[in-house]
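Residue strings, one per chain:
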Amino acid sequence: MFIIFGNRVRHTTLSTGQFYCPQCKTRRNYELRRARNYFALYFIPIFPLNTIGEYVRCTTCSTNFQPDVLKMPEPPAMPLDRMTLEARADMDSGTPIEFVRQKLINTGLKLDLVQQTIEAAAGPDRRRCAACDLTYRSTVQRCARCGAELK
Ligand SMILES: [Zn+2]
Ligand SMILES: [Zn+2]
């Protein structure tokens, strides 16, 4: 019979929360985890030998960071450029977000830049007309196409 001894590293989650992930460049959920060497018999961790260290793991991109990353201030949001402000003004005047996007695409702007501009201009709160399948900025009250009140 073979008895297998060995050291295994075990990870435990100490806490979770939100942080600014430098890899994703936005707010994400994190897990503060601790890695420990365990003395293992039959590959079942028996008791901790020593703490290897604590680290912060982004649950989205799975990148591991030093715990100091939690103290890092979130970088200030980039000021909106002219194109974004124009797109927002367009949306605020009642133009569906999809139309504003199409307008930007028609100018020959690269698609990832179009998406970036639309996201920044529209913001996270949007309204949608279920009948027309169009989305609007939250400042818009009525659907431009069918006139229905937006919820
Ligand atoms: Zn991340
Ligand atoms: Zn509508």
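Parameters and conventions
Residues numbered from 1 in each chain as written. Chains lettered and ligands numbered in written order. Predicted model: local features only at pLDDT ≥ 70, side-chain atom pairs only at ≥ 80, totals over all residues. Heavy atoms only, no water. Helix = DSSP H or I, 4+ residues; strand = E, 2+ residues; numbered from the N terminus. Buried < 20%, exposed > 50% of the residue type's maximum accessible area, 1.4 Å probe, protein only. Contact = heavy atoms within 4.5 Å. Areas by Shrake-Rupley, 256 points an atom, 1.4 Å probe, with all protein chains shown as cover. Salt bridge = Lys/Arg side-chain N within 4 Å of Asp/Glu carboxyl O. Arc of directions from axis to C-beta. Donors = N, O, S within 2.8 Å, 3.2 Å for Na, K, Ca; no water. Tetrahedral: all angles 85-135°; square planar, octahedral: opposite > 155°, others 65-115°.

**Some remarks on the overall build of the protein**
When you go through the protein residue by residue, the secondary structure sums to three helices and six strands. Order of helices (α) and strands (β) in the protein, N terminus to C terminus: β-β-β-β-α-α-α-β-β. Taken over 151 residues, the protein has a buried fraction of 28%. Of the contacts formed within the protein by residues at least 6 apart in sequence, a portion of 45% connects residues at least 24 apart. When the accessible surface of the protein is split by element, carbon and sulfur atoms take 53% of a total near 10100 Å².

**Thoughts on the side chain of Asp 90**
Assignment of secondary structure puts Asp 90 in helix α1 (residues 82-92). Setting aside chain neighbours within four positions, we find Asp 90 in contact with Thr 95, Val 100 and Lys 103.

**Side note on the pattern of salt bridges**
Considering all chains together, one arrives at eight salt bridges under this definition. The shortest N-O distance in the salt bridge between Arg 33 and Glu 31 comes to 3.6 Å. A relative accessible area of 17% places Arg 33 in the buried class. On the basis of relative accessibility, which here comes to 24%, the residue Glu 31 falls in the partly exposed class. A salt bridge links Glu 86 to Arg 82; the nearest nitrogen and oxygen atoms lie 3.2 Å apart. Highlighted residues: Glu 86 and Arg 82, both in helix α1, separated by four residues, approximately one helical turn. With a relative accessible area of 64%, Arg 82 lands in the exposed category.

**A word on helix α2 (residues 97-106)**
For α2, the full list of buried residues reads Ile 97, Val 100 and Leu 104. Projected down its long axis, α2 shows its buried positions confined to an angular sector of 60 degrees, all on one face.

**Digging into the coordination of the zinc ion (ligand 1)**
Taken together, the protein ligands of the zinc ion (ligand 1) are Cys 21 (SG), Cys 24 (SG), Cys 58 (SG) and Cys 61 (SG), with distances of 2.2 to 2.4 Å. The coordination sphere of the zinc ion (ligand 1) comprises four donor atoms, whose angles at the metal cover 100 to 118 degrees; the geometry is tetrahedral. Going along the chain, you hit the donors of the zinc ion (ligand 1) in the pattern C-x2-C-x33-C-x2-C. Classification of Cys 58 by relative accessible area gives buried; the value is 0%.

**Description of the environment of Cys 129**
Note that Cys 129 resides in strand β5 (residues 126-129). We classify Cys 129 as buried; its relative accessible area is 4%. If sequence neighbours within four positions are ignored, Cys 129 has contacts with Leu 134, Tyr 136, Cys 143, Cys 146 and Leu 150.

Function cannot be read off these values alone, since they describe shape.
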